[in-house]
Amino acid sequence: MSITLARRRVIPGFGLTMGFTLLYMGLIFLVPVGAFLLYTTTMSWETFWHAITQRQVVASYKLSFGASLVGATINLVFGALLAWVLVRYRFPGKRLVDALVDLPFALPTAVAGIALVTLYASTGWVGRYFELFGLRVAYTQLGVVVALTYIGLPFVVRTVQPVLEDLEAEWEEASASLGADRFTTIRRVIFPALFPALLTGFALAFARALGEYGSVVFISGNLPFRTEITPLLIVAKAEQYDYHGAAAIGTVMLVVAFAMLLVINGLQWWTSRRHG
Amino acid sequence: MNTFNQATRDGRDAGAPAVVDDGDLARRWQRATDEPAWLKAVLITTALIFVGLFLVLPLSVVLYGAFERGLAAWFEAVRDPDALSAIRLTLLIVAIVVPLNTVFGVAAAWAIAKFEFPGKPVLISLIDMPFAISPVVVGLIFVILFGSQGWLGPWLAAHDLRIIFAAPGIVIVIAFGTLPFIARELIPLMQQQGKEEEEASLTLGAGGLKTFWYVTLPNIKWGLIYGVILCNARAMGEFGAVAVVSGRIRGETNTVPLHIEVLYNEYMFTAAFAVSSLLTGLALVTIAIKSIIEWQDERQKRRAAA
């Protein structure tokens, strides 16, 4: 005990760094978020309830939720595949592909937005082929899914990749030598080991997609009841000085974001416990 | 040997393991712990198509659009007075935000990695919080606090202070949105490195600052560099939050991403992509630096293992 106490005194700067950390976080976001929630509580319950249950708003929840779910699911499948291919196989350009996975994280969302709409418009490089099958991507709900898939792409890959890299070859060898064929080994040995990481990546991609604005607004076309996502409604209401309406919907989004953060923290704790 | 035979599906050699030659054995062993070549090819191709559709093509379309009309058109778009003023404003904002978030990141990582205190997991989760909040909501929070119809609006107006629809508001929302990036890079790095080296330096008589400069900083150098560059790229590219607080006053409160939006909405596609190519270049530099740091790390680990 005396040793740990003595050790603790050796390194200086706890008061200073902790003080600055809390002061900065407090000023930049804790106090503003608190004040914002306080502002929402000054509304009457009827005003609040009316603002968050308008038909146009409910339609936007359905789109935001549904498209984020579809996007995250696409990323779950293809992200897992991409992580598998990057960790297990060798092919030319592998390093380049690995580096590119971070693009949605580094490229500004507005740039991604205009790139995606140009690409998937009915005259675009990709959109024209969808057009052949009578499918429209830009300015439809499918376009929203495309944008939300793009924005969530890094998450599943980057959560699954390290777990897959650390997976001991002995497990698979043991499974094989006990008579399991490859498919059984993947299903019964590899998949369970990856499961918490897959779920974490899915939740991260979903959470990111729910709040996304920049990459969606160009490709979605923003038609009320059809392709209007919830963040767009907030911008529209704020621009019309309807602060009550905007704050009410913003509070719903904030609460959902906190809930997702809790879920993700729980999943990460589960991953590290299973993994470590 | 018996276990090998159980692993073969045809069981052809079940009774006579002694005559199995090495090549055959290796093949069957591979069949049980690896995928057949055709399946690998299918999986790799599928993954590459996905990467092509969602990453390579968007990137190509920006660069193609930017230079489609030649270098002269690109220069013209980038040197347009509105574009220049957007670039200047963006540079001014990152010059304020990035140093602030760097100091925050280093301070938070130092406090979290070098000391034990109650509530540490809560603090780490709180640092992640801005990342989870929609950029649009971030903008809204400050409009409601400082906007003309907001809580402090009348007081600010009486004192002739402008935060919303002006540069200070943009600085605050970008600082909010990019707050976690450097801290998130440094916290795991410094936790992993522990505190023995710092303790050695301090017991040998070096001061706190000297220890940080000569012991800690060299250890976290690459993580810090990547964190700063990522924070910079995200700060320059922040869109949703800035769209809410900037008011989009041309030549005054338009940042580069907002200028891109204006150009796109006015059907000036070449100019929009030309200005976009600047931020795209920055994004590519960011991921290139990340890759270089990772390769160095890998090489070091391999050397340490050998």
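From a predicted model like this one, the values you see are computed outputs, not experimental measurements.

Trainee: Just to check I follow, could you spell out the overall build of chain B for this structure?
Mentor: For chain B, the helix and strand inventory stands at 15 helices and 0 strands. The proportion of buried residues among the 306 residues of chain B is 42%. For chain B, restricting intrachain contacts to residue pairs at least 6 apart in sequence, the fraction spanning at least 24 positions comes to 73%.

Trainee: It is not clear to me how the overall build of chain A should be interpreted in this structure. Could you clarify?
Mentor: When its secondary structure is counted, chain A shows 14 helices and 0 strands. Listing every helix and strand of chain A by position from the N terminus yields α-α-α-α-α-α-α-α-α-α-α-α-α-α. By principal-axis analysis of the C-alpha atoms, chain A measures approximately 70 × 65 × 30 Å. Burial statistics for chain A: of 276 residues in total, 47% are counted as buried. Here the contacts in chain A between residues at least 6 apart in sequence split such that 77% fall between residues at least 24 apart.

Trainee: Sorry if this is basic, but what is going on with the interface of chain A and chain B here?
Mentor: With 75 residues of chain A in contact, the opposing surface of chain B contributes 80 residues. Here the element with the most residues in the side of chain A that touches chain B is helix α2 (residues 14-41) of chain A; it accounts for 14 residues.

Trainee: Explain the environment of Gln56(A) to me, please; I cannot follow it from the model alone.
Mentor: Residue and element names in this part refer to chain A. Summarising the element assignment, Gln-56 is placed in helix α4 (residues 55-88). Look at Gln-56 and you get exposed, because 11 C-beta atoms sit within 10 Å. Sequence separation between Gln-56 and Leu-153 is 97 residues, and the spatial gap between their C-alpha atoms is 29 Å.

Trainee: Explain the UniProt feature "domain: ABC transmembrane type-1" (unreviewed entry) in chain A here, please?
Mentor: As recorded in UniProt, the sites labelled "domain: ABC transmembrane type-1" (unreviewed entry) are residues 61-264 of chain A. Between the first and last C-alpha atoms of residues 61-264 of chain A the distance is 21 Å; the span itself is 79% helix and 0% strand.

Trainee: When you look at helix α9 (residues 141-166) of chain A in this model, what are you seeing that I'm missing?
Mentor: Spacing of three or four residues puts side chains on the same side of an α-helix, whose turn is 3.6 residues. Residue and element names in this part refer to chain A. In a regular helix each residue adds 1.5 Å, so 26 residues correspond to 38 Å; α9 covers 39 Å between its end C-alpha atoms and thus fits that length. Residue Gly-152 marks the point of greatest curvature in α9, where the axis turns by about 40°; the proline Pro-154 follows within four residues. For α9, the tally of buried residues reaches 19 of 26 residues, placing the bulk of the element in the interior.

Trainee: Help me out: how do you make sense of the packing of helix α10 (residues 169-177) of chain A against helix α11 (residues 182-211) of chain A in this one?
Mentor: Relative placement of two packed helices is described by the angle separating their axes and the distance separating the axes. Residues and elements named next belong to chain A. Look at α10 against α11: their axes get within 10 Å of each other, and the N-to-C directions meet at 140°. Classed by the angle they form, the pair α10 and α11 counts as oblique. The two elements α10 and α11 meet at a crossing, and its hand is right-handed. Every residue of α11 that contacts α10 at Trp-171, Glu-172, Ser-175 and Ala-176 is listed here: Thr-185, Val-189 and Ile-190. Across the contact of α10 with α11, the residue classes tally to 4 nonpolar, 2 polar and 1 charged.

Trainee: Which parts of the structure should I look at to understand the packing of α4(A) against helix α3 (residues 37-67) of chain B?
Mentor: The contact between α4(A) and α3(B) brings their axes to 9 Å, and the two run at 120°. Taken together, the axes of α4(A) and α3(B) are oblique relative to one another. Taken as a pair, α4(A) and α3(B) cross one another with a handedness that is left-handed. Only Leu43(B), Ile44(B), Thr46(B), Ala47(B), Phe50(B) and Val51(B) of α3(B) make contact with α4(A), whose side of the interface consists of Phe78(A), Leu81(A), Leu82(A) and Val85(A). Class assignment of the residues belonging to the contact of α4(A) with α3(B) gives a composition of 9 nonpolar, 1 polar and no charged.

Trainee: What is the right way to look at unusual backbone geometry in this model?
Mentor: Keep in mind that most residues, glycine aside, have a negative phi and that most peptide bonds are trans. All names here are of chain A. Unusually for a residue other than glycine, Tyr-139 sits at a positive phi of about 65°. Examined against the element boundaries, Tyr-139 turns out to sit in the loop between α8 (127-132) and α9. The residue Tyr-241 is not glycine, and still its phi comes out positive at about 60°. Within the secondary structure layout, Tyr-241 lies in the loop between α13 (230-239) and α14 (243-275). On the basis of neighbour counts, which here come to 14 C-beta atoms within 10 Å, the residue Tyr-241 falls in the partly exposed class.

Trainee: Help me out: how do you make sense of the nonpolar core in this one?
Mentor: Across soluble globular proteins, nonpolar side chains have a tendency to be buried as a group. The biggest cluster of nonpolar side chains holds 168 residues, and the ones touching the most others in it are Leu116(A), Ala109(B), Leu140(B), Val173(B) and Val275(B). Ranked by residues supplied to this core, first place goes to helix α5 (residues 81-114) of chain B with 16 residues. Of the domains in this structure, domain 1 (2-55) and domain 2 (70-305) of chain B are the two that each give at least three residues to this core. Non-local contacts of Val173(B), meaning those with residues more than four positions away in its chain, are made with Val138(B), Gly139(B), Phe142(B), Ala241(B), Val242(B) and Val245(B).

Definitions and cut-offs
- Residues numbered from 1 in each chain as written.
- Chains lettered and ligands numbered in written order.
- Predicted model: local features only at pLDDT ≥ 70, side-chain atom pairs only at ≥ 80, totals over all residues.
- Helix = DSSP H or I, 4+ residues; strand = E, 2+ residues; numbered from the N terminus.
- Buried ≥ 20, exposed ≤ 12 C-beta atoms within 10 Å, placed from the backbone.
- Contact = placed C-beta atoms within 7 Å.
- UniProt positions renumbered as here; feature names shortened; annotations may be inferred.
- Expected span 1.5 Å × (residues − 1).
- Bend = angle between axes of the 7 residues up to and from the residue.
- Axes fitted to C-alpha atoms, helices over the stretch in contact; angles between N-to-C directions.
- Parallel < 35°, antiparallel > 145°, perpendicular 65-115°, else oblique.
- Left-handed = near helix turned anticlockwise from the far one by under 90°.
- Nonpolar A, V, L, I, M, F, W, Y, C, P; charged D, E, K, R; others polar.
- Core = buried A, V, L, I, M, F, W, Y, C linked by C-beta atoms within 7 Å.
- Domains from an automatic or database assignment.

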